[in-house]
Amino acid sequence: HPEEVPELPEGVASHLREEGIEALYPPQADAVEAGVTRGESLVASVPTASGKTLIAELAMLSSVARGGKALYIVPLRALASEKKAEFERWEDYGFDIGVSTGNYDSDGEWLASRDIVVATSEKVDSLVRNGAGWIDDLTCVVADEVHLVDDAERGPTLEVTLGKLRTLNPGLQVVALSATVGNADAVAEWLDAELVESTWRPIDLRMGVHYGNAISFDDGSQREVPVESGGRPTAALVDDALAGDDDVARESGDDQGSSLVFVNSRRNAEASAKRLRDVTAAHLTDDERGRLAELAAELRDVSDAETSDTLADCVAKGAAFHHAGLAPEHRSIVEAAFRDRLVKCVSATPTLAAGVNTPSRRVIVRDWRRYDGEFGGMKPLDVLEIHQMMGRAGRPGLDPYGEAVLLAKNSETRDELFERYIWADPEPVRSKLAAEPALRTHALATVASGFAHTRAELLEFLGRTLYATQTDDSSRLETVTDDVLAYLDRNGFIERDDGSLSATSIGHTVSQLYLDPMTAAEIIDGLEWADANRGEMARALGDGSGAATADGSDAATADRPSANSDGVAAGSDSDDDPPSTGFQRASELASNTGDERGSDADGPAAADNSDPEEALDDVTYPTALGLFHLVSRTPDMYQLYLKSGDRETYTEVCYEREAELLGRTPSEYEDVRFEEWLSALKTAKLLEDWATEVDEDRITERYGVGPGDIRGKVETAEWLLGAAERLAGELGLSPVPVREAKKRVQYGVRDELLALAGVRNVGRKRARRLFEAGIESRADLREADKSTVLGALRGRRKTAERILENVGRQDPSMDDVTSDGSAAQSTG
Ligand code: ADP
C-alpha cells in the first residue's frame, strides 16, 4: 500500500487512495523494494499501461520531499504537456510543476523555482548547453521510454544527456522507464541502476491472429468473426467489438468495445477511417450523434485544410484517424473523444502507440510491414513496436481483458505472425551513438560546455555511454570521433592544439543555438556567398527577371495582386525595355525560362541603365525565398520528397529563381546533389506560399502534406532563421533580411502585414482583412473607427475587444457598436 512507503510526503498516499489506487501494482511494489523512494537508481522494464508513471512519481515526490529537485524527460513534445497536466495534481501538496518547451536557445532560468520539471531530451540537452544553473540542483531524473536510445535520430541525444546529467550531479538518482526489451540488464548496467523486469499487466492481454472467419488466440481459444464475401476483416473486427460480448457485458456492464486500428501510412489511416465510419455509425445513439456533431464542428474550426473536413466527417459518424500530419488540436480532440468512448474507432499510424494514453478494448494491427527506403521495400516492424501497439488493448476498469489482433490473408501468414510477433521476445536496444551525424553534434556540445578539454577527456566521456558498454571495439568510436573533430576543426568550430580542445566563439554559438554543426556550416557558407555575390545577384534581381517573383507572386500566387512587398520593384515606373548591357546573367535567365514577365513591357524593370548601384539599394537581398531555400537544405530540416513530375516542375522554378538561391546550383548531372537542391526548393516554396498568405488548404493540396506538417516546417524554419540571424550578426553581415524572412514565416504574411500579424489574436487572415479595411498598423488599430474594425473581424465582438485591448486602446468595448459591424453608426 502506498501508506506503507515511509518516504512518501504527507498526503500523497491518501490522495492516491482517493484516485482509486488502493494497492501498488507488483512492478511498482518491486520498485519500492529496490529503493526507488530512497534515491536508488532504477530501470523499470515493464509492459505498456502497467503503471510506470506512478513509479516515476513515487521517486520524484520522495526526492523533492528530501529537499531535492526532479526532472522528467519525455521523448515527444506532445507528451510534455500531457505529463505536466498529470503531475499538476501534486501542486495542492506544495509541489511546483514546470514544463519547458519552446526555444532551444534559452536557459529557462525561471524553472529554477520548480520542484518537478518536464522536458524533452532535446530541450534538456539545450538547457545544459546554455548553462542553466538549476541543472546542478537535480537529485532525481526520470527518462521515460528509455528504449528509444535505440532510435537513430533521438537516441544519441538521450544517451549523451543522461551522461552529462550524471557527470554534473554525482549521486544523481536515475529512473529509467522502458517497454519490455531484450536487454534491460544492459541498460541497468550502463546506468548503475537496479533492475525491475516484469511482464505483469493489470488487464489480461489476449493476442491473436485473424484469418478466414475467426481469430485464433494465444491461449488456444477462437472467436468467430466472419467476413462477408468481398468484405474486409478490419470492418468485421470493429463491428464485432462494437456489437459486444455477453460475457463481457455481465462483468463490466459495458458491452460496447472500441477499436484501435494500426496502419502504416497517413493515407491508409484516412482511407481506413473513411471506410470504418459506416460501421461505427450503425452503433451510435441519438445522444452520441448530437455530441459527435458538436465535436465535428470544433474540428472544422481548427484549420481550413481539407484534413479538418475529412476528419470532421468521420468523427460525426464515430470514427477518426490519427497521424502526425494532424494539427495538435485535432489530435487532442480525437484522443479525448476516444477516451470518453464517443469515438468508437481510431485508425492510426504507429506514432499513437508511443506515449499518449489511449487504451482500447481491441487493437487491430492491420499493417505489420512498412515501406523502408533503405531496405528497398516493405519491411516487417520490430517486435518491440508491435508489442507497444498491442499493449494499448484493455481499458482499465472497463474491460475484463484486452484483445490484440494481427491480420493474415492465408494460413502460412497466420503461422508466421504467431512466430514473428506473438511468441517472440522483443529485440535488444542498441546504442546508435557511433554515427557521424550524432557525434558531430554531441562532440561539439561536449567540448563547448566544458565536459571535455582534451581528446582523451572526450573519449573518456564517450566511454561512459551505453554505446561503450555495448561494444568490444573501442577503436570504432575513436575513429568516428577523430573524423568528427577534424570536421569541426576544418569548419572553424573548434581549435585543436596538441591534444587540447576548445570551442571557438562561433562554435559556442552553434552549440547554444542547438544546431547540427553541418547546418551551421551550410548557413554560414550561404550567407557569406550572398555577401560576396550580392552585387551581381541583386542586379540580376533588380533588373527584372527575378523582380516579379522575388516576393513569391509567381503564377500560383498571383491571384493576390498586392503591393510588391520586398521592394524589389522599386523603380518600376520605368517602362524601358529590359536592359541588356551589364546584366548578362539576368537576361540569360529571362530567355532561358521563357518567363514572359522578363520581357513584358510593363514588367517591373527596376534598374534602368543610368545608375545600377542606386537601384541596388532598393533590392532586398538575400530574398526570403533564398533564405528559405538555404535553411531548407540543412540537415536540421526535413525536406519534402519530390513526387513524380516534381523534378520537372522544380527544375523550372530553380532556373526562374536561380538568382535568389544562395550558392551555385549544382549541375543536373550531379544527380544526388541536384535532387537535394530541388527538394529543398520545394520545401522553400511551401514556406514562401505560407509567407505570402496562400490558404492553408491550398498549401496542403499543392504539396500533398497535412496541416501539422505545415506547422512543423514553419516552426523549424523560424528556429533556423533565428539561428541564421544570430550567425549573420556574429559574422558581421546584415541580419535584417534574415530577421524579416523569419518574421514572415512566423506570422505567415507578406511584409506589409508584419506589424498587424504580430498583435495577439490577430493572425494572418484577420491581419489581411484589417489591412484591406485601411488599418495598417498598431497605431491605426488604436485610432480606427470601431465599426470598421468589427466589420473586418466579421462581427466577432469578443475578438475585436481582445485585439483592441492587446494594442492598448483606451476603451476597447464594442458595446456601443451596432449589429455585426456593418452599420457604422453608434447607438449613442
Ligand atoms: P505506463 O506508463 O506503464 O504505460 P501508466 O502509468 O499510464 O502506464 O498507467 C496506466 C493506468 O494505470 C493509469 O491510468 C494509472 O492511473 C493506472 N494505475 C497505475 N498504477 C495503479 C495502481 N497501483 N492501481 C490502480 N491503477 C493504477
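Above: the structure in question.
Draft legend 1. Focus on the sheet that holds strand 1 (residues 42–45). Spatially, seven strands are ordered 3-4-2-5-6-1-7 in an open sheet, and the strand pairing comes out parallel. Only two strands of the sheet have a single neighbouring strand rather than two, namely strand 3 (97–100) and strand 7 (194–197). For this sheet the average axis-to-axis angle between neighbouring strands, irrespective of direction, equals 15°.

Draft legend 2. Looking closely at the pattern of salt bridges. Counting across every chain of the model gives 50 salt bridges. The partner of Glu3 in a salt bridge is Arg17, with the nearest N and O atoms 2.8 Å apart. Here Arg17 lies in helix 1 (residues 12–18) and Glu3 lies in the segment before helix 1, a separation of 14 residues in the sequence. Judged by its relative accessible area of 33%, Arg17 falls in the partly exposed class. The salt bridge involving Asp240 is made with Arg223; its shortest N-O contact spans 2.9 Å. Placement of the pair is Asp240 in helix 8 (residues 233–243) and Arg223 in strand 10 (residues 222–224), with a sequence separation of 17 residues. Through salt bridges with shared partners, one network takes in Arg223, Asp240, Arg362 and Glu403.

Draft legend 3. Representation of the pairing of strand 11 (residues 259–262) within the structure. Burial of strand 11 is two-sided: the residues Ser259 and Val261 facing one way and the residues Leu260 and Phe262 facing the other way are all buried. As defined by bridge partners, strand 11 adjoins strand 13 (residues 345–348) across four bridges and the pair is classed as parallel. Bridge assignment links Val261 to a residue of strand 13, and that residue is Ser347. Bridge analysis of strand 11 against strand 14 (residues 362–365) gives four bridges, and the strand direction is parallel. Within the sheet, the bridge partner assigned to Val261 lies in strand 14 and is Ile364.

Draft legend 4. Geometry of the site of the ligand. Residues in contact with the ligand amount to 13 residues; listed here are only the nearest, Ala23, Gln28, Ala49, Lys52 and Thr53. Contact distances for the ligand include 3.0 Å between a nitrogen atom and a side-chain N or O atom of Tyr25. Contacts to the ligand include Thr53, whose side-chain N or O atom sits 2.8 Å from an oxygen atom. If the ligand stood free it would expose 570 Å²; the protein chains cover 74% of that surface. Looking at the shell around the ligand, the element that brings in the most residues is helix 3 (residues 52–65), giving three residues. Of the residues in the shell around the ligand, the class split is seven nonpolar, five polar and one charged.

Draft legend 5. Region of the structure containing the side chain of Glu725. Relative to the helices and strands, Glu725 is located in helix 30 (residues 707–730). In terms of polar contacts, Glu725 uses its side chain to reach the side chain of Lys742, at 3.2 Å. With residues near it in sequence (within four places) discarded, Glu725 still touches Pro735, Val738, Arg739 and Lys742.

Draft legend 6. Representation of helix 29 (residues 696–703). All of the buried residues along helix 29 are Glu696, Ile699, Thr700 and Tyr703. The buried residues of helix 29 occupy one face: seen down the axis, they fall within an arc of 100°. Against the buried residues of helix 29 lie helix 12 (306–316), helix 27 (646–656), helix 28 (671–690), helix 30 and helix 33 (763–772). Phi for Gly704, located one or two positions after helix 29, is positive at around 60°.

Draft legend 7. Quick look at the nonpolar core. Counting 113 residues, the largest nonpolar core has Leu162, Leu165, Leu191, Phe493, Tyr621, Phe628 and Leu727 as the members making the most contacts within it. No other element matches the nine residues that helix 30 contributes to this core. Those residues in contact with Leu162 that lie beyond four places of it in its chain are Ile73, Val141, Ala143, Val174, Trp190 and Leu191. Counting residues in each nonpolar core, the second largest holds 60 residues, with Leu237, Leu295, Met389 and Ala393 among its members.

Draft legend 8. Focus on the sheet that holds strand 13. Taken together, the eight strands give an open sheet; going across it, the order is 10-9-8-17-14-11-13-12, and neighbouring strands pair in mixed fashion. Lying at the two open borders of the sheet, with one neighbouring strand each, are strand 10 and strand 12 (319–322). Recorded for the sheet is a direction-independent mean angle of 20° between the axes of neighbouring strands. Along the sheet, helix 13 (residues 328–339) contacts strand 11, strand 12 and strand 13; its crossing angle with strand 12, the most-contacted strand, is approximately 135°.

Draft legend 9. Up close: helix 6 (residues 155–168). Between its first and last C-alpha atoms helix 6 spans 20 Å; for 14 residues at 1.5 Å apiece the expected length is 20 Å, and the two agree. For helix 6, the complete set of buried residues consists of Gly155, Pro156, Thr157, Leu158, Glu159, Val160, Thr161, Leu162, Gly163, Lys164 and Leu165.

Draft legend 10. Expanded view of unusual backbone geometry. Here the amide bond leading from Tyr621 into Pro622 is cis, since omega sits at -5°, within 30 degrees of zero. You can see Pro622 is positioned in the loop between helix 25 (612–616) and helix 26 (624–632). Positioned with a positive phi, Glu145 is a non-glycine residue whose angle comes to about 55°. In this structure, Glu145 sits in the loop between strand 5 (140–143) and helix 6. Of note, Arg341 is a non-glycine position whose phi angle comes to about 65°, a positive value. Along the chain, Arg341 turns up in the loop between helix 13 and strand 13.

Draft legend 11. Fine view of the packing of helix 26 against helix 28. The N-to-C vectors of helix 26 and helix 28 enclose an angle of 130°; their axes lie 8 Å apart at closest approach. Judged by the angle between their axes, helix 26 and helix 28 are oblique. Helix 26 and helix 28 meet at a crossing whose hand is right-handed. Contacts between helix 26 and helix 28 pair Leu625, Phe628, His629 and Ser632 from the former with Trp677, Ala680, Leu681, Thr683, Ala684, Lys685, Leu687 and Glu688 from the latter. Its residues assigned to classes, the contact of helix 26 with helix 28 shows seven nonpolar, three polar and two charged.

Draft legend 12. Seen up close, the side chain of Gln173. Positionally, Gln173 belongs in strand 6 (residues 173–178). In this structure, Gln173 is in contact with Val36, Gly39, Glu40, Ser41, Ala59, Ser63, Thr139, Cys140 and Val141, ignoring residues within four places of it in sequence.

Draft legend 13. Summary view of the pairing of strand 4 (residues 116–120). Of all five residues in strand 4, five are buried, a share of seventy percent or more. Along strand 4, one buried face is formed by Ile116, Val118 and Thr120 and the opposite face, lined by Val117 and Ala119, is buried too. The pairing of strand 2 (residues 70–74) with strand 4 spans five bridges and is classified as parallel. What sits directly across from Ala70, in strand 4, is Ile116. Across four bridges, the pairing between strand 3 and strand 4 is parallel. Bridge pairing links Ile97 to Ile116 in strand 4.

Draft legend 14. Highlighting the packing of aromatic side chains. For the structure shown, the criterion picks out six aromatic pairs. Centroid distance Tyr72 to Phe87: 5.1 Å. Interplanar angle 65°. Geometry classified as edge-to-face. One end of the pair, Tyr72, is in strand 2; the other, Phe87, is in helix 4 (residues 77–87), with 15 residues separating them in the sequence. With relative accessibility at 0%, the residue Tyr72 sits in the buried group. Taking relative accessible area as the criterion, Phe87 reaches 1% and is therefore assigned buried. With a centroid separation of 5.5 Å and an interplanar angle of 35°, the aromatic rings of Phe418 and Trp423 are classed as tilted. Looking at Phe418, the relative accessible area reads 10%, which means it is buried.

Draft legend 15. Representation of the environment of Ala435 within the structure. For Ala435, the location among the structural elements is in the loop between helix 15 (411–422) and helix 16 (436–448). Taking the relative accessible area as the measure of exposure, Ala435 reaches 31% and is therefore partly exposed. In this structure, the C-alpha to C-alpha distance between Ala435 and Ala152, residues 283 residues apart in sequence, is 8.5 Å.

Parameters and conventions
- Residues numbered from 1 in each chain as written.
- Predicted model: local features only at pLDDT ≥ 70, side-chain atom pairs only at ≥ 80, totals over all residues.
- Heavy atoms only, no water.
- Pairing = 2+ DSSP bridges.
- Helix = DSSP H or I, 4+ residues; strand = E, 2+ residues; numbered from the N terminus.
- Axes fitted to C-alpha atoms, helices over the stretch in contact; angles between N-to-C directions.
- Salt bridge = Lys/Arg side-chain N within 4 Å of Asp/Glu carboxyl O.
- Buried < 20%, exposed > 50% of the residue type's maximum accessible area, 1.4 Å probe, protein only.
- Near = heavy atom within 4 Å.
- Polar contact = N/O pair within 3.5 Å; in protein donor to acceptor, adjacent residues only side chain to side chain.
- Areas by Shrake-Rupley, 256 points an atom, 1.4 Å probe, with all protein chains shown as cover.
- Nonpolar A, V, L, I, M, F, W, Y, C, P; charged D, E, K, R; others polar.
- Contact = heavy atoms within 4.5 Å.
- Arc of directions from axis to C-beta.
- Core = buried A, V, L, I, M, F, W, Y, C linked by side-chain atoms within 4.5 Å.
- Expected span 1.5 Å × (residues − 1).
- Parallel < 35°, antiparallel > 145°, perpendicular 65-115°, else oblique.
- Left-handed = near helix turned anticlockwise from the far one by under 90°.
- Phe/Tyr/Trp six-rings, centres within 6.5 Å; stacked < 30°, edge-to-face > 60°.

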